[in-house]
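Letter by letter, the chains look like this.
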Amino acid sequence: MLVAQVCPRYCPYIGGVETHVKEISERLVERGFDVEILTTDPSGKLPKEEVINGVRVKRFESWAPGEAYYFSRDLKKYLMKNSDSFDVVHGHSYHAFPALYAAQAKNRNKLVFTSHYHGEGHTFFRSLLLRLYKPFGRKVFENADKIICVSNYEKNLITNNFKIDDKKFMVIPNGVNLEEFGDLKKRVKDCRVILYVGRLERYKGVHFLIKVLPKLDSNVILEIVGKGPYKKSLVKLAKKSGVEGRVRFYQDLPRKELLERYTYADVFVLPSKHEAFGISVAEALASKTPCVVSNTSALREWIDNMNCFKANYPMDVDGLALIIEKVIGREVNQVKLWDWGEVVEKVTELYNDITEM
């Protein structure tokens, strides 16, 4: 079966959608599928075509103001001309244009859509644009033969916002490479570590973690892994708050080093306003690191008050300090997490079912 995965960006870019597409595509190839990644490269520096771990990758020029939208005339043109050559076209991310191109090009091929939809833009201006985009975004849901949601929250949000037929939906959570975490062990440190991993955008709430540091013991430090447009503001805030010596920034870490950061941390915190899933939470729990998350969006589905605890949103810094003090260094009990192999098993069944229709 020939499958096109259509996404805004792909490896070596790092992010939730990028991880999702990479993990399922490489496993589909192992199962005998012929997979082609159709994606964009706003930097213009990556190879136009290459093979990564058996997966063919084609990159098209794009314009991505503020690392968003990913307009690509060449990708749209390619899909319009070639979509019928694929058995399945699988579009990813409501919040960028490549999935819309896949929906507009749909003809005889089957269209699967994993939306990673959280219903809001990262800024007021982006939220306004999202409202203007809604009639076009609706077409992606309507044209899709099947819609994959990574959480029940995401499914309910789409149902409420777009009134799509419930029969189209299938909830398949994101996975974790459980084998990666098997040999990693906690280590003795002379400090306690709060960890954040993710994009540096204001809606992610990383500034709350900097603001909370003065309220915690001086041996508590904050490690921030990620990059994005909000980094400069975070650096300024750390200096203004007098905690720049307790805040450490990292980006583009090798996978092994990232896993070590998860494992060595004493608590992982994601104070985000909205998430469709939260892969970083899953990876932290797989690392046996306790978590604190906002009681918003799909993050609510992680809260069990044993391994993952809630921080009330809107965020109160005093309350956040109390919950971090309560959770930091706790042991994590057995957590049920999906492995990427289980995810691909469900995706394979879905592909087979819709191509037999």
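Our subject is the structure listed above.
Residues numbered from 1 in each chain as written. Predicted model: local features only at pLDDT ≥ 70, side-chain atom pairs only at ≥ 80, totals over all residues. Heavy atoms only, no water.

S.K.: Requested: an account of the environment of valine 17, with residues and values cited.
M.R.: Within the fold, valine 17 resides in helix H1 (residues 16–30). The sequence separation of valine 17 and glycine 226 amounts to 209 residues, and the corresponding C-alpha distance is 15 Å. Those residues in contact with valine 17 that lie beyond four places of it in its chain are Pro8, His92, Ser93 and His116. (Helix = DSSP H or I, 4+ residues; strand = E, 2+ residues; numbered from the N terminus. Contact = heavy atoms within 4.5 Å.)

S.K.: Describe helix H2 (residues 73–82), with residues and values.
M.R.: Among the residues of H2, those classed as buried are Leu75, Tyr78 and Leu79. Mapping the buried residues of H2 onto a view down its axis gives an arc of 95°, with all of them on the same face. Projecting away from the buried face of H2 at angles above 90 degrees are the exposed residues Arg73, Lys77 and Lys81. Buried residues along H2 sit against strand S1 (2–6), strand S2 (34–40), strand S4 (55–60) and helix H3 (98–104). (Buried < 20%, exposed > 50% of the residue type's maximum accessible area, 1.4 Å probe, protein only. Arc of directions from axis to C-beta.)

S.K.: Describe the packing of aromatic side chains, with residues and values.
M.R.: If you walk through the whole model with that rule in mind, you get 18 aromatic pairs. Ring centres 5.3 Å apart and planes at 50° place the aromatic pair phenylalanine 60 and tyrosine 78 in the tilted group. Of the two residues, phenylalanine 60 sits in strand S4 while tyrosine 78 sits in helix H2, which places them 18 residues apart along the sequence. Centre to centre, the rings of tyrosine 94 and phenylalanine 141 are 5.6 Å apart; their planes meet at 20°, and the pair counts as stacked. Residue tyrosine 94 is found in the loop between strand S5 (88–92) and H3, and its partner phenylalanine 141 is found in helix H4 (residues 124–143); the two are separated by 47 residues along the sequence. For tyrosine 94, a relative accessible area of 3% puts it in the buried group. Ring pairing ties together the aromatic residues Trp63, Tyr69, Phe71, Tyr94, Phe97, Tyr101, Phe113, Tyr117, Tyr133, Phe136, Phe141 and Phe162, which thus form one cluster. (Phe/Tyr/Trp six-rings, centres within 6.5 Å; stacked < 30°, edge-to-face > 60°.)

S.K.: Please set out the nonpolar core residue by residue, giving values where relevant.
M.R.: Judged by nonpolar contacts, the single largest core of 89 residues is most densely connected at Ile194, Phe268, Val281, Trp302, Leu320, Ile324 and Tyr351. Ala103, Ala144, Ile158 and Ala298 belong to the second-largest nonpolar core, a separate cluster that totals 36 residues. (Core = buried A, V, L, I, M, F, W, Y, C linked by side-chain atoms within 4.5 Å.)

S.K.: If you had to explain unusual backbone geometry to someone new, which residues and values would you point to?
M.R.: Cis geometry is adopted by the peptide bond preceding proline 12, which originates at cysteine 11 and carries an omega value of 15°. As for its placement among the helices and strands, proline 12 is situated in the loop between S1 and H1. Omega for the bond connecting tyrosine 313 with proline 314 falls within 30 degrees of zero, at 5°, which places this linkage in the cis form. Mapped onto the secondary structure, proline 314 falls in the loop between strand S14 (308–311) and helix H10 (317–327). Backbone geometry places lysine 288, a non-glycine residue, at a positive phi of 65°.

S.K.: Residues and numbers for helix H5 (residues 152–162), please.
M.R.: Every buried residue of H5 is listed here: Tyr153, Glu154, Lys155, Leu157, Ile158 and Phe162. Looking one or two places after H5, you find lysine 163, whose phi comes out positive at around 55°.

S.K.: Let's hear about the sheet that holds strand S12 (residues 267–270): which residues, and what values?
M.R.: Neighbouring strands of a sheet are bound in pairs by backbone hydrogen bonds; such pairs are parallel or else antiparallel. Strand order in the open sheet made by the 6 strands is S11-S10-S9-S12-S13-S14, with parallel pairing throughout. At either end of the open sheet lies a strand with only one pairing partner, and these are strand S11 (247–250) and S14. Direction aside, the axes of adjacent strands within the sheet are offset by 25° on average. The strands touched by helix H8 (residues 255–264) are strand S9 (192–197), strand S10 (220–225), S11 and S12; relative to S9, the strand with the most contacts, the crossing angle is about 130°. Of the strands in this sheet, S9, S12, strand S13 (291–294) and S14 touch helix H9 (residues 279–286), which is tilted by about 170° from S12. (Pairing = 2+ DSSP bridges. Axes fitted to C-alpha atoms, helices over the stretch in contact; angles between N-to-C directions.)

S.K.: Residue-level account of the pattern of salt bridges, with values.
M.R.: Summed over all chains, the structure comprises 25 salt bridges. Across the pair lysine 215 and aspartate 318 runs a salt bridge, and its minimum N-O distance is 3.0 Å. A residue pair is termed long-range when its members are at least 10 positions apart, and lysine 215 in the loop between helix H6 (206–212) and S10 and aspartate 318 in helix H10 qualify at 103 residues. By relative accessible area, which is 43% here, lysine 215 ends up partly exposed. Across the pair glutamate 283 and arginine 255 runs a salt bridge whose closest N-O atoms are separated by 2.7 Å. Within this pair, whereas glutamate 283 is found in helix H9, its partner arginine 255 is found in helix H8, the two being separated by 28 residues in sequence. Here the residues in one salt-bridge network are Asp34, Glu36, Arg56 and Lys58, joined through shared partners. (Salt bridge = Lys/Arg side-chain N within 4 Å of Asp/Glu carboxyl O.)

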